[in-house]
Amino acid sequence: MSTPKIDVQVISSGILSDDVLMLGESLMKQWKIPAQQHLALQFGSFRHSVTIVPVPRYDGLRISQTLARRMGLFSGTPLRVLYQATTRTLALGPLIGVLISRDNPEQSDKPFGDITMFCRELTDACRSQGAYVYFFTPNAIGSNLSSVEGWIYTKGWHRMMLPAPDVVNNRLTSRKLENRPIVQQFMREIKHRFGAHVFNEKFLDKSEVFEALKKDASLQKYLPESHSLQNYTMLKSMCSRYGSVFLKPVRGSLGKGIIRLSRIGPENWQASYATVNGTKKQSFNSLVKLFSTISGKMKTVRYLIQQGLNLIEIGGRPVDYRALTQKNSSGKWAITSIVSRTAGTHHFVSNLARGGTLSTVKDSVAKSNLPIQFRGDASSRLSRAALDIARGIDTYIPAHFGELGIDLALDTSGRVWLIEVNSKPSKNDNTPLKEGKIRPSVRMMIQYARYISGF
């Protein structure tokens, strides 16, 4: 039976006491909620003993002003109701907390910078689905881990104390913030004490992903040969097998710090560095000289060395694909969108920040140099690969993920390859091309939060 969505009405405390709720009579009958008996009211980590009075011909919930304030609720808030007879608990929710990197209270109209619009969109989508969302930063987590100072949107952005949530969507954009002891303790504590769920609970690094997926024979076909670059022997062995190899910072994102090595003669190699202004090139007349140049960088950056691929191109510019995979309302991985990204002129990485352009899979395949016989099912092969890889991450990496950005590529023989997996897909750069009011990716995130929290 799906959980009903009701409107919460806040009544003056002089009229209604804090330990009495008024609930529509038909809903009480349908859910077999006992009247005039002590029950536990639950909202996120908030717990309170109440008795319930049935109201005929009414389909909402009335609570006192003081109780509403303690729960962080306003009149007219739509919420789902879940009654658990075994524990005699009436739960309202789901209460979703989105953990973000920073806020700026001085900018009242745009407190979260360029993700403010996404946060507004998420608030609207939660209202339509009967969920309650707030946004908080690591600095808002206090020593009392059962409450958080969060931001909510109601006729503008407001900060208030709220219970710890049923579900946390971790959208932190830096490892440093994620690894702060207070953040790690908070995530552990709310799972343990309140049975909360945290998804996208950690960053992925490139070598971890490739090592994990190698364990599954059915996924190996998507994996370019990759190793952790430790020494000259590894560089020499990869360069003897492939005409080009890529060195990728294990913890990089947005194409930063990638080096492409290409053979330009029997002993000669060229290193191409991805920079914001385009590709910087340097030639070497031996692999030893090349290694001595990059070994300086290896002291501070761990690299993955990866087989170079002969990717499809449009007008000499390489093309790749970003698939957004998310868990749906029944907890299964599904494809929300796949967009094609063509690298900017003078770039070999396709990120939009580097002048890359977006298009549909169909358009990019049609304009590319992919031979005609491999074009027909390109889209379904990319989808299948993205779902296989998402399930593989779930199986082989011990962490909870609800959405993954999976970067794929097609080579000129139509084969699908994995480039990387991102556990914090950006909310600015993988927008579907036809934008409606609320994006499918936002709706799907709430449906999954409702699924895992039982609402």
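Look above for the structure.
One structure accompanies this document, and this report is about it. (Residues numbered from 1 in each chain as written. Predicted model: local features only at pLDDT ≥ 70, side-chain atom pairs only at ≥ 80, totals over all residues. Heavy atoms only, no water.)

As a further point, take the overall build of the protein chain. Along its length, the protein chain carries 11 helices and 25 strands. Seen through its C-alpha atoms, the protein chain measures out along the principal axes to roughly 90 × 45 × 40 Å. Sorting the 455 residues of the protein chain into buried and exposed places 56% on the buried side. For the protein chain, the exposed surface amounts to about 20,100 Å²; the carbon and sulfur share of it is 51%. When the 61 basic and 34 acidic side-chain charges of the protein chain are each reduced to a single mean position, those positions are 2 Å apart. (Helix = DSSP H or I, 4+ residues; strand = E, 2+ residues; numbered from the N terminus. Buried < 20%, exposed > 50% of the residue type's maximum accessible area, 1.4 Å probe, protein only. Areas by Shrake-Rupley, 256 points an atom, 1.4 Å probe, with all protein chains shown as cover. Lys, Arg positive; Asp, Glu negative; His and termini not counted. Charge placed at Lys NZ, Arg CZ, Asp CG, Glu CD.)

Here we come to the packing of helix α6 (residues 206-213) against helix α10 (residues 378-396). The contact between α6 and α10 brings their axes to 9 Å, and the two run at 95°. In terms of their interaxial angle, α6 and α10 are classed as roughly perpendicular. Here α6 contributes Val209, Ala212 and Leu213 to the contact with α10, which in turn contributes Ile389, Gly392, Ile393 and Tyr396. In terms of residue class, the contact of α6 with α10 is made up of six nonpolar, one polar and no charged. (Axes fitted to C-alpha atoms, helices over the stretch in contact; angles between N-to-C directions. Parallel < 35°, antiparallel > 145°, perpendicular 65-115°, else oblique. Contact = heavy atoms within 4.5 Å. Nonpolar A, V, L, I, M, F, W, Y, C, P; charged D, E, K, R; others polar.)

For the rest of this paragraph, the subject is the packing of aromatic side chains. All chains considered together, the criterion is met by 11 aromatic pairs. On the numbers, 5.8 Å between centres and 65° between planes, the contact of Phe43 with Tyr132 is edge-to-face. In this pair, Phe43 is assigned in strand β3 (residues 39-43) and Tyr132 in strand β9 (residues 132-136), connecting sequence segments 89 residues apart. Residue Phe43 is classed as buried on the basis of its relative accessible area of 0%. Relative accessible area serves as the criterion here: at 8%, Tyr132 is assigned to the buried category. Seen in terms of ring centroids, Phe136 and Phe186 are 5.6 Å apart; in terms of plane orientation they differ by 70°. Their pairing is edge-to-face. Within this pair, whereas Phe136 is found in strand β9, its partner Phe186 is found in helix α5 (residues 181-194), the two being separated by 50 residues in sequence. For Phe186, a relative accessible area of 1% corresponds to the buried category. Site record: aromatic cluster; members linked through ring pairs are Phe112, Phe135, Trp151, Tyr153 and Trp157. Positioned above the aromatic ring of Tyr58 is the side chain of Arg62, whose terminal nitrogen or guanidinium carbon lies 4.1 Å from the ring centre. (Phe/Tyr/Trp six-rings, centres within 6.5 Å; stacked < 30°, edge-to-face > 60°. Lys NZ or Arg CZ within 6 Å of the ring centre and 35° of its normal.)

Before going further, it helps to spend a moment on the pairing of strand β5 (residues 61-64). Side chains on a regular strand alternate between the two faces of the sheet. Two elements, strand β1 (residues 5-11) and β5, share four bridges in a ladder whose sense is parallel. Within β5, the position partnered with Gln9 by the bridge is Arg62. (Pairing = 2+ DSSP bridges.)

So, about the sheet that holds β3. Reading around the barrel, the seven strands line up as β1-β5-β2-β4-β3-β7-β6 and close back on themselves, with mixed pairing between neighbours. In this sheet, neighbouring strand axes are inclined to one another by 40° on average, regardless of whether the strands run parallel or antiparallel. Pairing between strand β2 (residues 20-24) and β5: two bridges, direction antiparallel. Each residue of the ladder has a partner; that of Leu23, found in β5, is Leu61.

Another aspect to go through is the packing of helix α7 (residues 232-241) against helix α8 (residues 287-298). Direction vectors running N to C along α7 and α8 enclose 130°, while the axes themselves pass 11 Å from each other. Compared by their axis directions, α7 and α8 come out oblique. The two elements α7 and α8 meet at a crossing, and its hand is right-handed. Contact with α7, carried on its side by Tyr232, Leu235, Lys236 and Cys239, involves Leu287, Val288, Leu290 and Phe291 of α8 and no other residues of that element. For the contact of α7 with α8, the per-class residue count stands at seven nonpolar, no polar and one charged. (Left-handed = near helix turned anticlockwise from the far one by under 90°.)

This next bit is on the pattern of salt bridges. On inspection of all chains with the given rule, the structure shows 18 salt bridges. Between Glu225 and Arg241 there is a salt bridge; the shortest N-O distance is 2.6 Å. Of this pair, Glu225 sits in the loop between α6 and β14 (226-228) while Arg241 is found in helix α7, placing the two residues 16 residues apart along the sequence. We classify Glu225 as partly exposed; its relative accessible area is 22%. Salt-bridge contacts for Arg322 lead to Asp407; the nearest nitrogen and oxygen are separated by 2.5 Å. Separated by 85 residues along the polypeptide, Arg322 in strand β21 (residues 317-327) and Asp407 in strand β24 (residues 403-410) bring together distant segments of the chain. (Salt bridge = Lys/Arg side-chain N within 4 Å of Asp/Glu carboxyl O.)

Moving on to the pairing of β9. Of all five residues making up β9, five are buried, and the element is well covered by its neighbours. Here β9 shows two buried faces, one formed by Tyr132, Tyr134 and Phe136 and the other by Val133 and Phe135. Pairing geometry for strand β8 (residues 95-99) and β9, over five bridges, is parallel. Each bridged residue has a counterpart across the sheet, and for Leu99 the counterpart in β9 is Phe136. Handedness of the β-α-β unit built from β8, helix α3 (residues 116-129) and β9 comes out right-handed. (Right-handed = clockwise from strand over helix to strand, strands pointing away.)

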